[in-house]
Amino acid sequence: MAQDVQKQKPLTILKEVFGYSDFRGEQEAIIEQLLSSHDAMVLMPTGGGKSLCFQIPSILRPGTGIVVSPLIALMQDQVAALRIQGVSVAFLNSSLSYAEVQKIEAQLLRGELDMLYVAPERLCQERMLSLLHQIDIALFAIDEAHCVSQWGHDFRPEYIQLSLLHEQFPQVPRIALTATADESTRNEIISRLDLVNARLFISSFDRPNIRYRVTQKNNARRQLLSFINTEHAGDAGIVYCLSRKKVNETAHWLNEQGIEALPYHAGLSAQVREKHQEQFIRQDGIVIVATVAFGMGIDKPDVRYVAHLDLPKSIESYYQETGRAGRDGLAADAWMVYGLQDVIMLRQMLSSSEANEQIKQLEQRKLEAMLGFCEVISCRRASLLGYFGEQQDEDCGNCDNCLEPVESWEGTTEAQKALSCVFRTGQRFGVSYLIDVLRGKLTPRIEQFRHNEVSTFGIGQELSELQWRSVFRQLMARGLIAVDMDGFGSLRLTEDSRPVLRGEVSIYFRKDVVRKKRPDKKAARRKRSGQYDDNVANSANPELWDALRKKRTELAQEQGVPAYIIFHDATLMEMMEYHPKTLHEFAQINGVGASKLEKYADDFLEVLNAC
Ligand code: ADP
Ligand code: ZN
């Protein structure tokens, strides 16, 4: 393709090759930056459309675009998708045989490739560098650039060496891309990759199609099952748990309930993990139950929900994990259950952590913010974006708090009762015990410690046990009560408890929702994502929807690629909506470029005309 497109415009390539009609956000400006031989640093959320930013200039500029990407699986899928779109592209990584490598190197030397994907460790080898010196290079794209950050969780030592690109090829424009939002990582990328002169492109980190929900935990598994069955039957989803044991148990249990679920955690062998990941990516509607070990580089666009059965340790993790839902821009859910026990456990984990004081304090602050997010009464999206320094002017209309406004209640007296009960019983007891004392329950233990004689015995009859648990949870979440490191969950007061006890501050609590009818899902989804609703589409003509999906699976299996590489759900939905009857009409569908038109139009038109 390289020769005949040089005079074409980015928009033409977007339409012809990728089948999309408009650029999103800053894509066009980023592409222009590279076309004029300048560097770019791109911060865009997952699903924002980073890939096109280097793919289009690679096609348009003379020479080959060299793309550094840390994960083999990701590379293979991107390359497969591009080939189907008619782009001349290859990858070099450790999965190839020597003969295959030689073939690709020859293509590279003949200038036949628009793009070459390379693993970072290979790029820095002498052999590769000397090859690169013999060819025209369109640009260097450094994907997942946050891997250069030593403090991040995805650190790749090989990334550090990538600074040599600039030293050896000063005239080649570079683009670094990441979905990691925080400023310190950004600065580290800029300095380590020597991108001081790069123009910075920062997109909003909002993911409007994701609906954020946090529900009080009462029976996590049952709640999960009902969430899947009522809202996501047959959809692909990720369920995160803290421990390997819980991952195994939950996956097993879901299977027993008739939901096809696979476990994934670091305790499984590499083969099993790979197999499960493959299945998740390639088959329709698999649920993966995983620890945080799962996710980096998962490029599956049609994950419809991410569920958390345990609380993530920070908002960064939460944002990253939930961000794996809905990359295709269609409605998706970030759903979490959270309860008193989570707070106790995480607080304990922190206080018994071996880390040095400075790191501990940092972790503490991150957890504080996470808890704050769980308890917030106002728009969750505003709270999330606010954490990343972004301001949202209006409520989002697509989070639980916006959809069902949370009531709050003035609970200064109750807070004082709870705190003084902690104090009167000697700061040695856990929540259940304290609630028994408050509610005046004469248990043998209470008698043994003679806590039926303290002044707080029986002063809390006005609230049920459940309500008191909610009070304690919220006091803990706000740091008004601390959890001891003794391992028994004993509670004690903190510096911040004093003003409350002295009546210097008023305390408002969130009123936990017990069970209300579900909000009008469809209306809000449409409003938010500006897309047609998936349910509307497939309930209008379920036979057609199934037939299109079946055709897609068939073609995907024939060609050995994931189904979404043939067409995304969004593209199938447009087919449902516009029902194209001719090649010309089919070409108008978003996601249908020239190459896919030629390859697949007939197959899909046949299905469309039959239904
Ligand atoms: P990221 O790498 O930022 O997570 P991708 O590059 O994978 O995101 O893009 C996410 C999805 O959005 C892909 O399915 C891609 O095809 C689609 N996409 C990107 N740009 C556009 C656009 N201008 N119009 C329509 N869809 C787009
Ligand atoms: Zn909201």
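Residues numbered from 1 in each chain as written. Chains lettered and ligands numbered in written order. Predicted model: local features only at pLDDT ≥ 70, side-chain atom pairs only at ≥ 80, totals over all residues. Heavy atoms only, no water.

This brings us to the environment of Gln-427. With respect to the helices and strands, the residue Gln-427 is situated in the loop between helix H19 (412-424) and helix H20 (431-438). Placed 33 residues apart in sequence, Gln-427 and Gly-460 show a C-alpha to C-alpha distance of 18 Å. Apart from the residues within four sequence positions on either side, Gln-427 is in contact with Val-422, Asp-484, Ser-490, Leu-491, Arg-492 and Leu-493. At a separation of 2.7 Å, a polar atom in the side chain of Gln-427 contacts the main-chain amide nitrogen of Leu-493. (Helix = DSSP H or I, 4+ residues; strand = E, 2+ residues; numbered from the N terminus. Contact = heavy atoms within 4.5 Å. Polar contact = N/O pair within 3.5 Å; in protein donor to acceptor, adjacent residues only side chain to side chain.)

Let us now look at the nonpolar core. Formed by 172 residues in total, the largest nonpolar core has its most connected members in Leu-116, Tyr-117, Ile-175, Phe-280, Phe-472, Met-476 and Phe-604. Discounting chain neighbours no more than four positions away, the residues touching Leu-116 are Thr-64, Gly-65, Ile-66, Val-67, Ala-90, Phe-91, Leu-92, Ile-104, Leu-108 and Met-128. Ala-220, Cys-241, Val-247 and Val-287 belong to the second-largest nonpolar core, a separate cluster that totals 20 residues. (Core = buried A, V, L, I, M, F, W, Y, C linked by side-chain atoms within 4.5 Å. Buried < 20%, exposed > 50% of the residue type's maximum accessible area, 1.4 Å probe, protein only.)

With that settled, consider the packing of aromatic side chains. Tallied over the full model, the rule gives 18 aromatic pairs. Measuring from centroid to centroid gives 6.2 Å for Tyr-212 and Tyr-318, while their planes differ by 45°, and the two rings are tilted. Here Tyr-212, found in strand S8 (residues 210-216), pairs with Tyr-318, found in helix H14 (residues 315-322); they are 106 residues apart in sequence, far enough to count as distant. In this structure, Tyr-212 and Tyr-318 share a single accessibility class: buried. (Phe/Tyr/Trp six-rings, centres within 6.5 Å; stacked < 30°, edge-to-face > 60°.)

Moving on, we get to the coordination of the zinc ion (ligand 2). Every protein donor of the zinc ion (ligand 2) is listed here as Cys-379 (SG), Cys-396 (SG), Cys-399 (SG) and Cys-402 (SG), and their distances to the metal cover 2.3 to 2.4 Å. The exposure class of Cys-399 is buried, given its relative accessible area of 0%. (Donors = N, O, S within 2.8 Å, 3.2 Å for Na, K, Ca; no water.)

What the 7 strands build is an open sheet, ordered S3-S4-S2-S5-S6-S1-S7; its pairing is parallel. For this open sheet the edge positions go to strand S3 (89-92) and strand S7 (199-202), each flanked by a neighbour on one side alone. Averaged over all pairs of adjacent strands, the angle between their axes in this sheet comes to 20°, without regard to strand direction. Relative to strand S6 (residues 174-178), strand S5 (residues 137-142) is paired through 3 bridges, and the arrangement is parallel. (Pairing = 2+ DSSP bridges. Axes fitted to C-alpha atoms, helices over the stretch in contact; angles between N-to-C directions.)

Moving on, we get to the site of ligand 1. Inspection of the region around ligand 1 gives 15 residues, with Tyr-20, Gly-47, Ser-51, Arg-327 and His-568 positioned closest. Measuring from an oxygen atom of ligand 1, one finds a side-chain N or O atom of Lys-50 at 2.8 Å. One of the side-chain N or O atoms of Arg-327 is found 2.6 Å from an oxygen atom in ligand 1. Out of a free accessible area of 560 Å², ligand 1 has 85% covered by protein chains. Looking at side-chain class alone, the shell around ligand 1 contains 4 nonpolar, 7 polar and 4 charged residues. (Near = heavy atom within 4 Å. Areas by Shrake-Rupley, 256 points an atom, 1.4 Å probe, with all protein chains shown as cover. Nonpolar A, V, L, I, M, F, W, Y, C, P; charged D, E, K, R; others polar.)

Take the side chain of Ser-58 next. Relative to the assigned elements, Ser-58 resides in helix H3 (residues 51-60). Setting aside residues no more than four positions away along its own chain, Ser-58 makes contact with Gly-63, Gly-65, Asp-114, Met-115, Ala-138 and Leu-139.

The next subject is the domain arrangement of the protein chain. Parsing the protein chain into structural domains produces domain 1 (2-202), domain 2 (210-338 + 376-403), domain 3 (408-510) and domain 4 (532-610). Between the C-alpha centres of domain 1 and domain 3 the distance comes to 56 Å. (Domains from an automatic or database assignment.)

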